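One letter stands for each residue in the lines below.
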Amino acid sequence: MLRDAFLTLSHNTAVRNLATGLPPARRFSRRFVAGETLDDAIAVVRAMNQAGVLATLDYLGENVTNPAAARAYAEEYIGILDRIQREQVKSNVSLKLTGLGLDLSTDLAFENVRRVVSIARTHDNFVRIDMESSDYTDRTLAIYRRLRDVGFDNVGVVIQAYLYRSEADINALIRRGGANIRLCKGAYDEPEYLAFPRKADTDANFVHLMQLLLSPEARQQGTYAAIATHDDAMITATQAYAAEQDLDRQAYEFQMLHGIRTNAQLALVRDGYKMRVYVPYGSHWYPYFMRRLAERPANMLFLLRNLVR
């Protein structure tokens, strides 16, 4: 019930305007958001790198309503990639196609993401296309395939384990060859006819999809897997299957979010696993923040403890 409430509030413009104008709310958001500027985010990434953790930088923004805003979002990413190169921090980037204009035009979003991926290639860097709600799944995968078809191999995509369709999507991506796939559970409010309503079913599907991504067949097709989870059971299942397949611990990676389970991140690094942390920044933090509160009760407890203080 709380999860549904937070996901509903994440779309509420009135609450968003109120929250983003309150200094306490902005302070709470810093648990999950590196800050409002690229300088803030680079400082966080540099500290992570010193601890052996890789990063992916994300400029917060989605569902832009005009082409100028979409171009500005792309320009921000070009600036991020230039800054990563200049500062020599170990980070790639993640972006949302609705920030690049997908609500306005598929071609507009494609041209904007193509510019970003092209700059990333000149810097020998990588772009992850985030997956948004199921309204965008087909268009997101189509743009990913289109980028691969015109020769970009420095681009990857995200698959969400709570969607029924995800097994078919992963199998199709594996068959194409050279796929770089981030597997996560999913953080949007989806109807039961599209997504598993029970956490236990999503968890079971997550393990099944992880095994597909790390299977010998997938690896023969050049698939690279990023396993994005904070759940100990999912981490243990991944480690067990990878060991069964005699996989090197650097042959795939775990991913987590900034501000969540930092000690677990460092423990995985100490154990020899590749660990990448998603580092968001920007002033449009409200929808992201609300989705983080919806995902885990521990995040809500953090907020309540700070409110009491």
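This structure is a prediction, so every number in the text was calculated from the model and none was measured.

(A) Spotlight on the overall build of the chain. Helices and strands together make up the secondary structure of the chain, namely 14 helices and eight strands. Considering only intrachain contacts with a sequence separation of at least 6, the fraction spanning at least 24 residues in the chain is 75%. When the accessible surface of the chain is totalled, it reaches about 13700 Å², and 51% of it is carbon and sulfur.

(B) Molecular detail of the packing of helix 7 (residues 137-149) against helix 8 (residues 166-176). Packing of helix 7 against helix 8 brings their axes to within 12 Å, and their N-to-C directions diverge by 5 degrees. With respect to helix 8, the axis of helix 7 lies roughly parallel. Here helix 7 contributes Thr137, Leu141, Tyr144, Arg145, Arg148 and Asp149 to the contact with helix 8, which in turn contributes Asp169, Leu173 and Arg176. When its residues are assigned to classes, the contact of helix 7 with helix 8 shows three nonpolar, one polar and five charged.

(C) Structural context of the packing of aromatic side chains. In this structure the tally under the stated criterion is seven aromatic pairs. Ring centres of Tyr59 and Tyr73 lie 5.8 Å apart, and the angle between their planes is 35 degrees; this geometry places the pair in the tilted category. Pair noted here: Tyr59 is in strand 1 (residues 54-59) and Tyr73 is in helix 5 (residues 67-87), with a separation of 14 residues, a long-range link. Feature note: the residues Tyr59, Tyr73, Tyr77 and Tyr281 constitute an aromatic cluster, connected by ring pairs. Directly above the ring of Phe110 sits Arg146, whose terminal nitrogen or CZ lies 3.8 Å from the centroid.

(D) Representation of the pattern of salt bridges. Enumeration over the complete set of coordinates arrives at 16 salt bridges. Across the pair Asp130 and Lys96 runs a salt bridge, and its minimum N-O distance is 3.5 Å. Taken together, the residues Asp130 in the loop between strand 3 (127-129) and helix 7 and Lys96 in the loop between strand 2 (91-95) and helix 6 (106-122) connect sequence positions 34 residues apart. One exposure class covers both Asp130 and Lys96, and it is buried. Arg198 serves as the salt-bridge partner of Asp201, at 3.0 Å between the closest nitrogen and oxygen. Counted as one network, the salt bridges with shared partners bring together Asp39, Arg46, Arg83 and Glu87.

(E) Quick look at the packing of helix 9 (residues 199-213) against helix 11 (residues 232-244). Between helix 9 and helix 11, whose axes approach to 10 Å, the crossing angle comes to 25 degrees. Judged on the interaxial angle alone, helix 11 and helix 9 are roughly parallel. Here the hand of the crossing between helix 9 and helix 11 comes out right-handed. Contacts between helix 9 and helix 11 involve Asp203, Phe206, Val207, Met210 and Gln211 on the former and, on the latter, Met234, Ala237, Thr238 and Tyr241. Counted by class, the contact of helix 9 with helix 11 contains six nonpolar, two polar and one charged residues.

(F) Quick peek at helix 11. Given a rise of 1.5 Å per residue, 13 residues ought to cover 18 Å, and the 18 Å separating the end C-alpha atoms of helix 11 matches this to within 8%. Of the positions making up helix 11, those classed as buried are Met234, Ile235, Thr238, Tyr241 and Ala242. Across the axial projection of helix 11, the buried residues extend over an arc of 135 degrees, all falling on one side. Those residues of helix 11 that are exposed and angled more than 90 degrees off the buried face are Ala243 and Glu244. The secondary structure elements touched by the buried residues of helix 11 are helix 9, helix 10 (216-220), strand 6 (224-228), strand 7 (253-257) and helix 12 (262-270). Of the residues that open helix 11, the one with a side-chain oxygen 2.9 Å from the backbone nitrogen of Ala233 is Asp231. Looking one or two residues beyond helix 11, the residue adopting positive phi is Asp246, at roughly 60 degrees.

(G) Layout of the pairing of strand 8 (residues 274-281). For strand 8, the buried fraction is high: seven of the eight residues fall into the buried class. Pairing of strand 1 with strand 8 involves six bridges; the strand directions are parallel. In the strand pairing of strand 8, Leu54 is matched with Arg276. Sheet topology places strand 7 next to strand 8; five bridges connect them, and they run parallel. Its bridge partner being in strand 8, Met256 is matched across the sheet by Val277. The parallel pair strand 7 and strand 8 is bridged by helix 12, and the resulting crossover is right-handed.

Parameters at a glance
Residues numbered from 1 in each chain as written. Predicted model: local features only at pLDDT ≥ 70, side-chain atom pairs only at ≥ 80, totals over all residues. Heavy atoms only, no water. Helix = DSSP H or I, 4+ residues; strand = E, 2+ residues; numbered from the N terminus. Contact = heavy atoms within 4.5 Å. Areas by Shrake-Rupley, 256 points an atom, 1.4 Å probe, with all protein chains shown as cover. Axes fitted to C-alpha atoms, helices over the stretch in contact; angles between N-to-C directions. Parallel < 35°, antiparallel > 145°, perpendicular 65-115°, else oblique. Nonpolar A, V, L, I, M, F, W, Y, C, P; charged D, E, K, R; others polar. Phe/Tyr/Trp six-rings, centres within 6.5 Å; stacked < 30°, edge-to-face > 60°. Lys NZ or Arg CZ within 6 Å of the ring centre and 35° of its normal. Salt bridge = Lys/Arg side-chain N within 4 Å of Asp/Glu carboxyl O. Buried < 20%, exposed > 50% of the residue type's maximum accessible area, 1.4 Å probe, protein only. Left-handed = near helix turned anticlockwise from the far one by under 90°. Expected span 1.5 Å × (residues − 1). Arc of directions from axis to C-beta. Polar contact = N/O pair within 3.5 Å; in protein donor to acceptor, adjacent residues only side chain to side chain. Pairing = 2+ DSSP bridges. Right-handed = clockwise from strand over helix to strand, strands pointing away.

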